[in-house]
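Next come the chains, spelled out residue by residue.
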Amino acid sequence: DPGLSALLNTKASAICLVGKSWDFHVDVALGITNEENLENIKESAKLFVKNKKEFMLDAEHFFDGYKKNSEYALSCIKTDYDEGARWIVRCDTNGGTLPNEVGEIVSKVSKQMRGEKPGIPAHNEAAHAVGIPLTAILAGVRQVQGTINGLGERCGNANLISLIPTLVL
């Protein structure tokens, strides 16, 4: 794959790929089977880990997928973890998951994924992009993706200008 080759040949020590973790999007957006998606996740992780890159998966639409088909969403991140990825980023891609739901799901999943380092990005469609990471951190997340002043795609992303002082103070 030319895209993966380009990433592999950079001097970057860490690589982050976005992978679908909601079976609805695997079918509609990718037009492949769930098994093919899992194979793509597996082979991508294997490639980067074998080449000594710190590999991260952004599990796109994780919370939506988990609420609809938790078994499949979990299989996506477990496949990645089993191939050596240690940072598993659970994305609230639609920005519609409530903070309490995020906390509950992160806690449940973390109990099943001992040893992984969970991360989270949050979108701001429902104005929860700061609350979601704060709740997720209380549930065990160790990496937050965000932007300065929340500027980002669609309605924005987690605002690091609000998050950092809240976490420090």
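Given the structure is predicted, the values throughout are model-derived calculations rather than measurements.

Among the nonpolar cores identified, the biggest contains 35 residues, and Phe-55, Phe-62, Ile-77 and Val-109 are the most heavily contacted of them. Ranked by the residues each element gives to this core, the list is headed by helix H4 (residues 62-82), at 9 residues. Setting aside anything within four residues of it in sequence, one finds Ile-77 in contact with Ala-59, Phe-62, Ile-88, Arg-90, Val-109 and Met-113.

For the structure shown, the criterion picks out 5 salt bridges. Across the salt bridge formed by Glu-43 and Lys-46, the nearest N and O atoms sit 3.2 Å from each other. Here the residue Glu-43 and the residue Lys-46 both occupy positions in helix H3 (residues 34-50), the gap between them amounting to 3 residues, near one helical turn. On the basis of relative accessible area, Glu-43 is assigned to the partly exposed category, the value being 35%.

Looking now at the environment of Leu-7. Structurally, Leu-7 is set in helix H1 (residues 2-8). Overall, Leu-7 belongs to the partly exposed group, its relative accessible area being 31%. It is 9.7 Å that separates the C-alpha atoms of Leu-7 and Leu-17, two residues lying 10 residues apart in sequence. Apart from residues no more than four positions distant in its own chain, Leu-7 is found in contact with Ile-15, Leu-17 and Phe-48.

A few words on the sheet that holds strand S3 (residues 87-90). Taken together, 5 strands build an open sheet; the order of strands is S1-S2-S3-S4-S5 and the sheet is parallel. Edge positions in the open sheet fall to strand S1 (14-20) and strand S5 (143-145), since each of these has one partner strand only. Going from strand to strand, the sheet's axes swing by 25° on average, the running direction of each strand aside. Pairing of S3 with strand S4 (residues 117-121), which is carried by 3 bridges, proceeds in the parallel orientation. For Trp-87, the partnering residue across the bridge sits in S4 and is Lys-117.

According to the stated counting rule, one finds 4 aromatic pairs in the structure shown. Here the aromatic rings of Phe-48 and Phe-55 are separated by 5.5 Å at their centres, their planes lie at 5°, and the arrangement is stacked. Each member of the pair, Phe-48 together with Phe-55, is buried. Each ring, one from Phe-62 and one from Phe-63, has its centre 5.5 Å from the other, and the planes form 85°; the classification is edge-to-face.

How each quantity is defined
- Residues numbered from 1 in each chain as written.
- Predicted model: local features only at pLDDT ≥ 70, side-chain atom pairs only at ≥ 80, totals over all residues.
- Heavy atoms only, no water.
- Core = buried A, V, L, I, M, F, W, Y, C linked by side-chain atoms within 4.5 Å.
- Buried < 20%, exposed > 50% of the residue type's maximum accessible area, 1.4 Å probe, protein only.
- Helix = DSSP H or I, 4+ residues; strand = E, 2+ residues; numbered from the N terminus.
- Contact = heavy atoms within 4.5 Å.
- Salt bridge = Lys/Arg side-chain N within 4 Å of Asp/Glu carboxyl O.
- Pairing = 2+ DSSP bridges.
- Axes fitted to C-alpha atoms, helices over the stretch in contact; angles between N-to-C directions.
- Phe/Tyr/Trp six-rings, centres within 6.5 Å; stacked < 30°, edge-to-face > 60°.

Remember, this is a structural readout, not a statement about activity or role.
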